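Descriptive analysis of the structure
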Amino acid sequence: MVDIHSHILPGVDDGAKSWETAVEMVRLAYADGTRHMAATPHANDNYGYDRGSAEEMLAELKKRCEVAMEFSLGCDLHFSIENVEAALAHPEQYCIGGSEYMLVEFSDFAISRFVGDALLRLLRGGTVPIITHPERNPILQQQPEDIVGFAECGCLIQVTANSLTGFWGERARKTAAWLLDRECVHVIASDAHDLDRRPPILSKARDWLTRRYSAALSQALCHDNPNAIVSGQTLFYLPEVRR
């Protein structure tokens, strides 16, 4: 499996708090079957994002973890006006690896009218926004049709693995299933922050998808599509969204 969203770099945001935790998170993910992780620190009002420093930390983490994990570096970009302008000017600073794919995270409190235009500006500039965990967003839970609209414009939709298994509550699970039923989910990721409460586990979601939908879909969302993203390739599974 391939995990495109994790907070494994220690001390840079609300993810891993120490090198020991970061190393154990990588080892836990490897034991669970993940073979490639994207480290994606937050860039928001609380946490600054320094690409150069993050690259150095990721190289150090690779040395310390002593498992055959592959890594990419990205960013969990809070979708503020300032961040969007920075991403438009220098997308390579925020995209996953050397790809055109960029994680974007919406506020839980308000989604302004500028969002749609900003997403289109990124798309027209050659960047593909990946909207992270919309099934957990209280605003989008009330109007999931907006998520479908984002996908129809060319954005990708990433659902959190443990939303499918109930960790984020029934509303998040139902919203995720609603999106899956409309073929509006393109990738599953852990959004891991720690070892216990939000661990880097994908296998439970993969198994849930296999039981509820099909082995082909779980393969596409947990391996083929995320592998294409970290490789900078066209997605394997990109169906036309159903309303």
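Reference entry: report on the structure contained in this document. Residue numbers restart at each chain and count upward from 1, following the sequence in its written direction. For a predicted model such as this one, the threshold for reporting local features is a pLDDT of at least 70, and the threshold for listing and counting side-chain atom pairs is 80 or more; totals across whole chains, interfaces and linings nevertheless cover every residue. Neither water nor hydrogens contribute to the side-chain values; these are computed over all heavy atoms in the structure.

**Here we look at the pattern of salt bridges**
Put simply, the test is: A pair is scored as a salt bridge if a Lys or Arg side-chain nitrogen falls within 4 Å of a carboxyl oxygen belonging to Asp or Glu. A run of H or I in DSSP counts as a helix once it spans at least four residues, and a run of E counts as a strand once it spans at least two, with each numbered from the N terminus. Think of it in three bands: with a 1.4 Å probe and only protein chains considered, a residue is buried below 20% of the maximum accessible area for its type, exposed above 50%, and partly exposed in between.
Applying the stated criterion across every chain yields a total of twelve salt bridges. A salt bridge links R243 to E152; the shortest N-O distance between them is 2.7 Å. Linking R243 in the segment after α10 (215–231) with E152 in helix α6 (residues 145–153), this pair joins segments that are 91 residues apart in sequence. A relative accessible area of 61% places R243 in the exposed class. Bridged by salt links that share partners, the residues E24, R27 and E66 form one connected network.

**A short note on the packing of aromatic side chains**
Quick note on the threshold: Any two of the Phe, Tyr and Trp rings considered here, Trp counted by its six-membered ring, make a pair once their centres fall within 6.5 Å; the pair's planes then place it as stacked at under 30 degrees, edge-to-face at over 60, or tilted in between. As a reminder, the over-ring test applies to NZ of lysine and CZ of arginine, requiring each to be within 6 Å of the ring centre and within 35 degrees of the ring normal.
Enumeration over the complete set of coordinates arrives at six aromatic pairs. Here the aromatic rings of F79 and F106 are separated by 5.5 Å at their centres, their planes lie at 65°, and the arrangement is edge-to-face. Of this pair, F79 sits in the loop between β5 (76–78) and α3 (81–89) while F106 sits in the loop between β6 (101–105) and α4 (114–124); the two residues are 27 residues apart in sequence, bridging distant segments of the chain. Consider the rings of F79 and F114, whose centres lie 5.9 Å apart with planes at 20°: the pair is stacked. Taken together, the positions of F79 in the loop between β5 and α3 and F114 in helix α4 put the pair 35 residues apart, joining distant regions of the chain. By relative accessible area, which is 25% here, F114 ends up partly exposed. Among the aromatic residues, ring-to-ring pairing joins F79, F106, F114 and F150 into one connected group. Its guanidinium or amino end placed over the ring of W19, R64 lies 4.4 Å from that ring's centre, counting from NZ or CZ. Here R136 stacks its cationic end above the ring of W168, 3.9 Å away from the centre of that ring.

**Quick notes on the nonpolar core**
Applicable threshold: In this text, buried Ala, Val, Leu, Ile, Met, Phe, Trp, Tyr and Cys residues form a nonpolar core when linked through side-chain atoms within 4.5 Å. Here, two residues are considered to be in contact whenever any of their heavy atoms come within 4.5 Å of each other.
Of all hydrophobic cores here, the largest spans 63 residues; its most connected members are L61, F71, F79, L119, L164, I188 and L209. Setting aside anything within four residues of it in sequence, one finds I188 in contact with V2, V159, A161, L164, L202, A205, L209, L221 and C222. V2, A38, I130 and I229 belong to the second-largest nonpolar core, a separate cluster that totals 14 residues.

**Topic: the sheet that holds strand β2 (residues 36–39)**
In sheet architecture, strand pairing relies on hydrogen bonds along the backbone and comes in two forms, parallel and antiparallel. We count it as follows: Strands are labelled as partners when DSSP assigns at least two bridges between them. Here the axes come from fitting lines to C-alpha atoms, over the contacting stretch only for helices, and the angles between their N-to-C directions go from 0 to 180 degrees.
The three strands are arranged β1-β2-β4 in an open sheet whose pairing can be described as parallel. Edge strands, defined here as strands with exactly one partner in the open sheet, are β1 (2–6) and β4 (70–73). Each adjacent strand pair in this sheet contributes to an overall mean axis angle of 20°, direction not counted. Sheet topology note: the β1/β2 ladder contains three bridges and is parallel.

**Notes on the sheet that holds β6**
Taken in spatial order, the six strands make up an open sheet running β3-β5-β6-β7-β8-β9, and their pairing is parallel. Strand pairing shows two members of the sheet lacking a second neighbour, β3 (42–43) and β9 (187–189), which therefore form its edges. Pairing of β6 with strand β7 (residues 128–132) involves four bridges; the strand directions are parallel. Each residue of the ladder has a partner; that of Y101, found in β7, is V128.

**Regarding the side chain of H133**
Position of H133 relative to the elements: it lies in the loop between β7 and α5 (138–142). The class of H133 is buried, set by a relative accessible area of 5%. Here H133 is in contact with H5, E105, Q158, T160 and D191, once residues within four sequence places are set aside.

**Re the pairing of β7**
Using the following cut-off: For crossovers, right-handed means that the path from the first strand over the helix to the second runs clockwise, given strands pointing away from the viewer.
The buried fraction of β7 amounts to five of the five residues, a majority that puts the element mostly inside the structure. Neither face of β7 is open: one carries V128, I130 and T132, the other P129 and I131, and all of them are buried. Chirality of the crossover, the property in question, places the unit of β6, α4 and β7 among those that are right-handed. Summarising the sheet, β7 and strand β8 (residues 156–160) pair through three bridges and their orientation is parallel. Its bridge partner lying in β8, I131 is registered against I157.

**Re the environment of T132**
With respect to the helices and strands, T132 occurs in strand β7. Residues T132 and A177 lie 45 residues apart in sequence; the distance between their C-alpha atoms is 15 Å. Sequence-distant contacts of T132, defined by excluding residues within four places in its chain, comprise H5, D76, L103, V104, E105 and Q158.

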